[in-house]
Amino acid sequence: MLKVFNLPDLGEGLTESEVLTWKVSEGETVALNQVIADVETAKAVVELPCPFAGVVAQIYAEPGTVVEVGKPMIAIEVEGAEPSAGAAPSGAAEAAGAPAREPTLVGYGAAIESGARPARRRRTAVPAAGEQPQSTPAPVAVAEPPATEAEEPARPVERPRSTPPVRKLARDLGVDLEALAGTGPDGLITRDDVQSAGAAPSAPEVERGSAPSAAGEERVRITGMQKAMASAMVESAFTAPHATEFLTVDVTESMELLERLRASRAFEGLKLTPLTLVAKAACLWLAKTPELNSKWDGEAGEIVRFRDVNLGIAAATGRGLLVPNIKAANRMDLAELAAEMRGLVGRARDGKTSPRELASGTFSITNIGVFGIDAGTPIINPGEAGILAMGQVRSQPWEHRGAVALRQVLTLSLSFDHRLVDGAQASRFLAGIAGILRDPASLITHV
Amino acid sequence: MSREDVLTAADTASSEPIQLVAPDGTRRRHAEFDAMLADVNDDVVADLYVDMVAVRRIDTEATHLQRQGELALWPPLLGQEAAQVGSARALREDDFVFTSYRENGVAYCRGVDLEDMLTVWRGNASSGWDPYGINMATPQIIIGAQTLHATGYAMGVKLDGGDQAAVAYFGDGAITQGDVNEALGFAASYQAPVVFFCQNNHWAISEPVDLQSRVPIAQRAEGFGIPHLRIDGNDILAALAATRIALERARSGGGPTFIEAVTYRMGPHTTADDPTRYRDQAELDEWKEKDPLTRIEEYLHTRGMAVDGFREAAQHRADDVAEKLRRGITTMADPEWAAVFENVYAEDHSWLNRQREQYGRYQNLFGSDAGGEA
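Counting starts from 1 at the beginning of each chain's written sequence and moves along it residue by residue. For naming, the first written chain is A and the first written ligand is 1, with later ones following in the order written. Where local features are concerned, this predicted model is filtered to residues with pLDDT of at least 70; where side-chain atom pairs are given and counted, the filter is 80 or more; whole-chain, interface and lining totals use all residues. Side-chain calculation: all heavy atoms of the structure are included, whereas hydrogens and water are not.

### Considering the pairing of strand E8 (residues 72-77) of chain A
All names here are of chain A. Spelled out, the test is: Strands are labelled as partners when DSSP assigns at least two bridges between them. In DSSP terms, a helix is any run of H or I states spanning at least four residues, a strand is any run of E spanning at least two, and both are numbered starting from the N terminus.
Bridging between strand E1 (residues 2-6) and E8 involves 5 bridges; their strand directions are antiparallel. Looking at E8, one finds that Leu2 is bridged to Glu77. When strand E6 (residues 54-59) meets E8, the two strands line up antiparallel, connected through 4 bridges. What sits directly across from Val55, in E8, is Glu77.

Set out below in structure tokens:
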């Protein structure tokens, strides 16, 4: 009768082996324990001794083939043998239609995909008759994200003014007060303002009505830019060991400073935002912690230290993520930085970013605050040592001069390449930036 | 002192292992050792040889069975037959043996059932045999822990006033373990009747022995005040004589003895290991010249025995043993699920009973045809 030798687990927990050479050929007579093949596992090259004596009927895998544990290697025609318990061909049980229960400790291990489970435990969540299946979150058209991350929307320091009954009405009608311009005295949002906003058909509602069924799907071609972003992220995430630190800081004084500066003539026509200040502070502290302004060159076995800071600003454009950088940002003053940033972001939004602007970045900032986010674990732009994410500035109860006060705070998240930067250096850098934002007057000490 | 200097010191004539049969079969004289072998005539030597052939055959068959998917793992002893058979054959039935997982030659000589030797490696049982049936504990997987068990047992023998001995088998890798050093300390302090039989097979998995010990291993016993013997572990007569000396000392109240049997692991650490990645072929070839079996063949040849026919007979017997082993393993029934709860505690245990009951309910979910009986 024909007996099949399936590849066993030759080590402890191996799943496959590569056939190197066959020492026998079809039609040849083999003895018990005769070496029939050399196979290579993840651990060793081993000789396979034949478990049966007989004539080789079939060889299943050519040299060079990787065979999964439990799959047939060789069939031997054994004279007058009864089926042996230990070496039944794997096909036998399957052919019989019986759910094969693989031995788990010896030989072939547990079947990877069809692990035997207690029959009674199989409880698929089938909705009862008449019961509507819970709809999976259908794709809902989301309002276009701001064209660029870099643009800080002019956020009112106070929330829109209105009266409590009007706020309740807005809540009931699902109207966002922040999106409304009040028509009342001093910009007060009135009941009429809310009602007229509530009457207007809101875009998401319409989209939701015509959303495709949960079973439907839409396939979108991966564009070159998405592909580029994906491969950059994968490359970075799986070569640079990332570590991320967070720090929340009271930026009230910085906000006040920005307010004052905006009114000054030097910044006329410029868009001065917290991002500008964070960028300036980052440049100052990159000079003090050069580890964060460097590059790991594994091939050369060297670390590259950059003299200047080419400051990347992550921008979400209609076509995907771009990180153009401002060359030698460390040599610019606040007004120059603000001007550069504006130009950079504008070009990114218009799809006019030059290749030069995308090359040779040394450190990046991503402003996730514009999406109303506080913190994250950003992935480093490949070839750089760190990336700083700034969250949104929000009013929060915060300790201030020994009491709790409503302060404006924001969270900074710093991801760094732990090959280049250690925790102490990263912490010093992050705390340094936070120190400037907390007390912008301290900038004077950097001059 | 550089590492080279240490190695030179370790190889000096004073630490040369005691050898009674040279690799070429020459019989060497050693007054103290020869005195222990007065009863060992050529027939006894031939009988020792037959055991070594059987042990090697079992080891080879088990290695094949692992490659064929019948065993999960196997730790081969190829090359260490003389150290194991020689020492084990010196023991009395009422002596108690504590071994590591590689002492399958010792287990064979103690009379362990062939299948029992392999059930654990097949995953069919969590333990191999009833230790009290043959006065041999089941193999210890934790490196060196059995030296403590042996010492404790020996201390008990002494308290009982018996003349039995305990023997601990371990390897060169174990000597660095805290357990082994604690055992040596206690054995010396209490003058326990225990024999520490260290098979220095030169490799602790992939770590060479000279990295582990800068002096011959036997010398370590001096610091504990334990008499020691350093023997050629591939010489079965030296192993037999040394163990007899140690046992006699133990039985007569002389306390522990440390034996270093210098041998060589010719195969991998286990079937999951590839020794070609860490050791030279030249080293292996050198030790093949010192094979424990061929030197006895040579010796018996010099004694005028017709070795060829004798060797074949021994091989046939060994093949029968191997066939019995294979049949036993390949037809072995899967254990009943409840077997795992047996021998956990000596007495009934409510916590374990609850687990058994819960596991039984789980097993029943598979239905009666899926091995859930018992």
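### Quick word on helix H8 (residues 145-160) of chain B
Residues and elements named next belong to chain B. Operational definition: A helix is expected to span 1.5 Å for every residue after the first. Each residue is assigned to one of three classes by its accessible area relative to the maximum for its type, calculated with a 1.4 Å probe on protein chains only: buried under 20%, partly exposed between the two thresholds, exposed over 50%. Here a residue-residue contact requires only that any non-hydrogen atoms of the pair lie within 4.5 Å.
Between its first and last C-alpha atoms H8 spans 23 Å; for 16 residues at 1.5 Å apiece the expected length is 22 Å, and the two agree. The complete set of buried residues in H8 reads Ala145, Gln146, Thr147, Ala150, Thr151, Ala154 and Val157. In this structure, the buried residues of H8 make contact with strand E1 (96-98), strand E2 (166-171), helix H9 (178-190) and strand E3 (194-200). At the exit of H8 stands Gly161, carrying a positive phi of roughly 75°.

### Looking at the confidence of the model for chain A
Residues and elements named next belong to chain A. Quick reminder of the rule: A score between 0 and 100, pLDDT records how confident the predictor is in each residue.
In this model, chain A carries an average pLDDT of 80, and 79% of its residues clear a pLDDT of 70 or more. Low pLDDT (under 50) marks residues 84-105, which in the prediction has 30 contacts with non-local residues, meaning those over four places away or in another chain. Contacts of residues 202-212 to residues separated by more than four positions or lying in other chains number 6 contacts, the stretch itself having pLDDT below 50.

### With respect to the confidence of the model for chain B
All names here are of chain B. Averaged over chain B, the pLDDT score is 92; the fraction of residues at 70 or greater is 94%. Counted against residues more than four places away or in other chains, residues 1-13, with its pLDDT under 50, gives 13 contacts. For residues 370-374, every residue scores under 50 in pLDDT, and the model assigns this stretch 12 contacts once sequence neighbours within four places are set aside. Scored as a whole, the predicted complex attains pTM 0.58, and scored at its interfaces, ipTM 0.80.

### Regarding the sheet that holds strand E3 (residues 29-30) of chain A
Within the open sheet, the 4 strands sit side by side as E1-E8-E6-E3 (chain A). Their pairing is antiparallel. Each having just a single partner strand, E1 and E3 of chain A make up the two edges of the open sheet.

### Quick look at the packing of helix H6 (residues 114-122) of chain B against helix H15 (residues 307-330) of chain B
Between two packed helices, the angle of one axis relative to the other and the distance separating the axes together describe the packing. Residues and elements named next belong to chain B. What counts is decided by this rule: Angles here are taken between N-to-C directions and fall from 0 to 180 degrees, while the axes themselves are lines fitted to C-alpha atoms, restricted in helices to the stretch in contact. We call two directions roughly parallel when the angle between them is under 35 degrees, roughly antiparallel when it is over 145, roughly perpendicular when it lies between 65 and 115, and oblique otherwise. Crossings are sorted by hand: turned counterclockwise from the far helix by less than a right angle, the near helix makes the crossing left-handed, and turned clockwise it makes it right-handed. Just so you know the grouping, Ala, Val, Leu, Ile, Met, Phe, Trp, Tyr, Cys and Pro go in nonpolar, Asp, Glu, Lys and Arg go in charged, and all remaining residues, Gly too, go in polar.
At a closest axis distance of 10 Å, the pairing of H6 and H15 adopts a crossing angle of 45°. Taken as axis vectors, H6 and H15 run oblique relative to one another. Crossing geometry of H6 relative to H15 is assigned as right-handed. Contacts from Leu114, Glu115, Leu118 and Arg122 in H6 reach Val321, Lys324, Leu325, Gly328 and Ile329 in H15. Taken together, the residues that form the contact of H6 with H15 break down as 5 nonpolar, 1 polar and 3 charged.

### Here's the deal with the pattern of salt bridges
Side-chain pairs of opposite charge can arise where the charged atoms are in close proximity. All names here are of chain B. Rules: Salt bridge criterion: a side-chain nitrogen from Lys or Arg within 4 Å of a carboxyl oxygen from Asp or Glu.
Summed over the entire model, instances satisfying the criterion amount to 33 salt bridges over all chains. The salt bridge partner of Asp319 is Arg57, with a shortest N-O separation of 2.7 Å. On the criterion of sequence distance, the pair formed by Asp319 in helix H15 and Arg57 in helix H3 (residues 42-67) is long-range, its members being 262 residues apart. Classification of Asp319 as partly exposed rests on a relative accessible area of 30%. Where Arg92 meets Asp163, a salt bridge forms, and the shortest distance between an N and an O atom there is 2.7 Å. You can see Arg92 sitting in the loop between helix H4 (81-88) and E1 and its partner Asp163 sitting in the loop between H8 and E2, a full 71 residues away along the chain. The structure contains a network of salt bridges with shared partners spanning Arg57, Glu61, Asp319 and Arg326.

### Focus: the sheet that holds E1(B)
Residue and element names in this part refer to chain B. Within the open sheet, the 5 strands sit side by side as E1-E2-E3-E7-E6. Their pairing is parallel. Looking along the sheet, the strands with just one partner apiece sit at the ends: E1 and strand E6 (228-232). For this sheet the average axis-to-axis angle between neighbouring strands, irrespective of direction, equals 20°. Sheet topology note: the E6/strand E7 (residues 257-262) ladder contains 5 bridges and is parallel. Residue pairing in the sheet places His228 in a bridge with Phe258 of E7. Here H9 sits on the sheet in contact with E2, E3 and E7, set at roughly 145° to E3.

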